[in-house]
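# Structural overview
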Amino acid sequence: MGLVIGITGGIGSGKSAVTRRFEQKGIAVVDADLAARVVVEPGGPALAAIADHFGDDILQADGSLDRAALRQKVFADDSERRWLEQLTHPLIGQEIADQLRAATSPYAILASPLLLETSQRQLADLVVVVDVPEEVQLQRTMARDDNDEAQVRRIMAAQMQRQERLEQADIVIDNSRSLAELDLVVTELHKEFLARAELGASQ
Ligand SMILES: CC(C)(COP(=O)(O)OP(=O)(O)OC[C@H]1O[C@@H](n2cnc3c(N)ncnc32)[C@H](O)[C@@H]1O)[C@@H](O)C(=O)NCCC(=O)NCCS
Ligand SMILES: Nc1ncnc2c1ncn2[C@@H]1O[C@H](COP(=O)(O)OP(=O)(O)OP(=O)(O)O)[C@@H](O)[C@H]1O
């Protein structure tokens, strides 16, 4: 595995907005939220265990996971969330590692809301935190999803607190400004990461 840049941030902070811009520059992006979907595909062992534990009402008519139903359950009850995590996080970690190994760009990005909360941290050489004030996080998430404010606050409460996350950052991207400004920041970081990747490759 070459240079891996970890990108994290709370829900709605703008991780996808950032990684889309790196993807447009030809950089491979491994997304933990997408890996989490792969491991609960119908027919797999994880989905069967989830249905066993939570009951068949978290399945849709076609047998796939009813994500909204499971979201309601796990963010209303910490012990249920932890049960789901002990099942899925090892599988997600494996899927992420496989995808990173398959990456062929000069460096690769691992985007994860729980990079610093899980052993995914060990896969990243550098930690980039996408940061916005909590109110902005809340507003942007509610504008994007059909979650109400209480639900978004519960998800935020299940994640690392802003200050603690910032303390662990090697690089902070302030995403409280416009998307045009984000373009400029990503272009500069891309240059820096290419230089680091070249340095690593020549050592
Ligand atoms: C509960 C589930 C089914 C809800 O699915 P849904 O499609 O509504 O949301 P999605 O997966 O796109 O996640 C949206 C956001 O919620 C937050 N989130 C998701 N899981 C967690 C978690 N366990 N702890 C804290 N925040 C989380 C993240 O900010 C994420 O970006 C799903 O999030 C899930 O399976 N979570 C457990 C696996 C996990 O921890 N995934 C996070 C990446 S490792
Ligand atoms: N600088 C910005 N200005 C205005 N809107 C933005 C900005 N950055 C992101 N957004 C919008 O805010 C919302 C949240 O951003 P995004 O989906 O990238 O967050 P995320 O960190 O990937 O979220 P999640 O943890 O849920 O996956 C999106 O609708 C996005 O288009």
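Small disclaimer: the values here were computed from a predicted structure and weren't measured. (Residues numbered from 1 in each chain as written. Chains lettered and ligands numbered in written order. Predicted model: local features only at pLDDT ≥ 70, side-chain atom pairs only at ≥ 80, totals over all residues. Heavy atoms only, no water.)

## Section: the UniProt feature "binding site: ATP" (unreviewed entry) in the protein chain
The sites that carry the UniProt feature "binding site: ATP" (unreviewed entry) are, in the present numbering, Gly12, Ser13, Gly14, Lys15, Ser16 and Ala17. With respect to the helices and strands, the residue Ser13 is situated in the loop between strand 1 (4–8) and helix 1 (15–23). Beyond its immediate stretch of four places on either side in the chain, Ser13 contacts Val130, Val132, Gln137, Arg140 and Asn175. Examined against the element boundaries, Ala17 turns out to sit in helix 1. Here Ala17 is in contact with Leu179 and Leu182, once residues within four sequence places are set aside. (UniProt positions renumbered as here; feature names shortened; annotations may be inferred. Helix = DSSP H or I, 4+ residues; strand = E, 2+ residues; numbered from the N terminus. Contact = heavy atoms within 4.5 Å.)

## Considering the sheet that holds strand 5 (residues 171–174)
Hydrogen bonds between backbone groups are what pair the strands of a sheet, and the pairing can be parallel or antiparallel. Read across the open sheet, the five strands follow the order 2-3-1-4-5; overall the sheet is parallel. For this open sheet the edge positions go to strand 2 (28–31) and strand 5, each flanked by a neighbour on one side alone. Across the sheet, the axes of successive neighbouring strands diverge by a mean angle of 25 degrees, strand direction being ignored. As judged from the four bridges shared by strand 1 and strand 3 (residues 108–111), these two strands associate in the parallel manner. Residue pairing across strands places Ile7 opposite Ala111, the latter belonging to strand 3. Sheet contacts for helix 5 (residues 78–102): strand 1, strand 2 and strand 3; angle to strand 3, the most-contacted strand, approximately 160 degrees. (Pairing = 2+ DSSP bridges. Axes fitted to C-alpha atoms, helices over the stretch in contact; angles between N-to-C directions.)

## Here's the deal with the pattern of salt bridges
Applying the stated criterion across every chain, the model contains 13 salt bridges. Salt-bridge contacts for Asp98 lead to Arg101; the nearest nitrogen and oxygen are separated by 2.9 Å. Of the two residues, Asp98 and Arg101 are both situated in helix 5; the distance of three residues between them amounts to about one turn of the helix. For Arg101, a relative accessible area of 51% puts it in the exposed group. A salt bridge links Arg177 to Asp174; its shortest N-O distance comes to 3.8 Å. By relative accessible area, which is 45% here, Arg177 ends up partly exposed. (Salt bridge = Lys/Arg side-chain N within 4 Å of Asp/Glu carboxyl O. Buried < 20%, exposed > 50% of the residue type's maximum accessible area, 1.4 Å probe, protein only.)

## Some remarks on the site of ligand 2
The environment of ligand 2 is formed by 15 residues, the closest being Lys15, Ser16, Arg144, Asn175 and Arg177. A distance of 3.3 Å separates an oxygen atom of ligand 2 from a polar atom in the backbone of Ser13. With the chains in place, 78% of the 640 Å² that ligand 2 exposes on its own is no longer accessible. Counting only elements with at least two residues in the shell around ligand 2, the list comes to helix 1 and helix 6 (134–144). For the shell around ligand 2, the leading source of residues is helix 1, giving three residues. Among the residues forming the shell around ligand 2, the class breakdown is three nonpolar, seven polar and five charged. (Near = heavy atom within 4 Å. Polar contact = N/O pair within 3.5 Å; in protein donor to acceptor, adjacent residues only side chain to side chain. Areas by Shrake-Rupley, 256 points an atom, 1.4 Å probe, with all protein chains shown as cover. Nonpolar A, V, L, I, M, F, W, Y, C, P; charged D, E, K, R; others polar.)

## Observations concerning the site of ligand 1
Taken together, 20 residues lie near ligand 1, and Asp33, Arg67, Arg71, Glu85 and His89 sit nearest. The side chain of Asp33 places a nitrogen or oxygen atom 2.7 Å from an oxygen atom of ligand 1. In the model, a nitrogen atom of ligand 1 is placed 2.7 Å from a nitrogen or oxygen of the Glu85 side chain. Protein burial of ligand 1: of its 770 Å² of free accessible surface, 92% is covered by the chains. Those elements that place two or more of their residues in the shell around ligand 1 are helix 2 (32–38), helix 4 (67–76) and helix 5.

## Remarks on the nonpolar core
Judged by nonpolar contacts, the single largest core of 28 residues is most densely connected at Ile50, Leu65, Leu70, Ile96, Leu100 and Leu110. Elements represented by at least two residues in this core include exactly helix 2, helix 3 (45–54), helix 4, helix 5, strand 3 and strand 4 (126–131). Considering every element that reaches this core, the biggest residue donor is helix 5, with five residues. Discounting residues that sit within four places of it in the chain, Ile50 has contacts with Val40, Gly55, Ile58, Leu65, Leu70, Trp83, Leu84, Leu87 and Thr88. One finds Ala17, Val29, Val130 and Val186 within the second-largest nonpolar core, a separate group that totals 20 residues. (Core = buried A, V, L, I, M, F, W, Y, C linked by side-chain atoms within 4.5 Å.)

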